[in-house]
Amino acid sequence: MNKIKKLIKDNSNVLVFDVDGVLALLEWGEHNHYGLLDNEWYKACEEGLNAYTEKAVSTKMQNFLKNKDMSKVYVITTIGSHNEGEFKREYVNKYYSIPKENVYYVKDNEQKTKRLFDIKENYPYLKDYQIIMVEDNVGILNDIMEKTDFSTVHISSFLDI
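Definitions and limits used
- Residues numbered from 1 in each chain as written.
- Predicted model: local features only at pLDDT ≥ 70, side-chain atom pairs only at ≥ 80, totals over all residues.
- Heavy atoms only, no water.
- Pairing = 2+ DSSP bridges.
- Helix = DSSP H or I, 4+ residues; strand = E, 2+ residues; numbered from the N terminus.
- Axes fitted to C-alpha atoms, helices over the stretch in contact; angles between N-to-C directions.
- Contact = heavy atoms within 4.5 Å.
- Buried < 20%, exposed > 50% of the residue type's maximum accessible area, 1.4 Å probe, protein only.

A closer look at the sheet that holds strand 4 (residues 131–135)
Then, number 1: Across the sheet, five strands lie side by side as 3-2-1-4-5; this open sheet has parallel pairing. Each edge of the open sheet is held by one strand with a lone partner, namely strand 3 (103–106) and strand 5 (151–154). Each adjacent strand pair in this sheet contributes to an overall mean axis angle of 25°, direction not counted.
Then, number 2: Relative to strand 4, strand 1 (residues 14–17) is paired through four bridges, and the arrangement is parallel. Within strand 4, the position partnered with leucine 15 by the bridge is isoleucine 132.
Then, number 3: Where helix 4 (residues 82–96) meets the sheet, its contacts fall on strand 2 (73–78) and strand 3, and the angle it forms with strand 3 comes to roughly 155°.
Then, number 4: Against the sheet, helix 5 (residues 111–120) engages strand 1, strand 2, strand 3 and strand 4, with an angle of about 155° to strand 2.

Below you can see the structure in the form of structure tokens.
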């Protein structure tokens, strides 16, 4: 039997979240998930466009996180510019109370797996499976699953929680 829901509800575990599509709703285009292509998005963020506002908040995820020990909640997010990273750091702190020091940026998705090992160093007493990555990108989840013993959770597991 799958233990994903039990793992994410257990307050002794460490939760690590992606931002886009997980803690931020992807509803930025008029009829699409994004209004810009990636390169346009990165440039707009660098020029000061901050789409990480209250409009992007998932109330379901806020409710899930409101009673968690936030010292054990992290973010690993891929960014295209420094501004985008800072926007995301402020966003998850303001709307989810995730400590700013628990937010990690990476330049490409492959680095997410490596950053999980950095987080694990803070919890030598936990078993690897107690470090849990919540992500919407199956490629990233597969990379973590293939290279580590950390737990992986697709955001869809939260649909009926």
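A few points about the pairing of strand 2
Then, number 1: Among the six residues of strand 2, six are classified as buried, and the element is accordingly described as predominantly covered.
Then, number 2: Residues of strand 2 alternate between two faces, with Val73, Val75 and Thr77 on one and Tyr74, Ile76 and Thr78 on the opposite face, all of them buried.
Then, number 3: The pairing of strand 1 with strand 2 spans three bridges and is classified as parallel. Bridging across to strand 2, valine 16 finds its partner in tyrosine 74.

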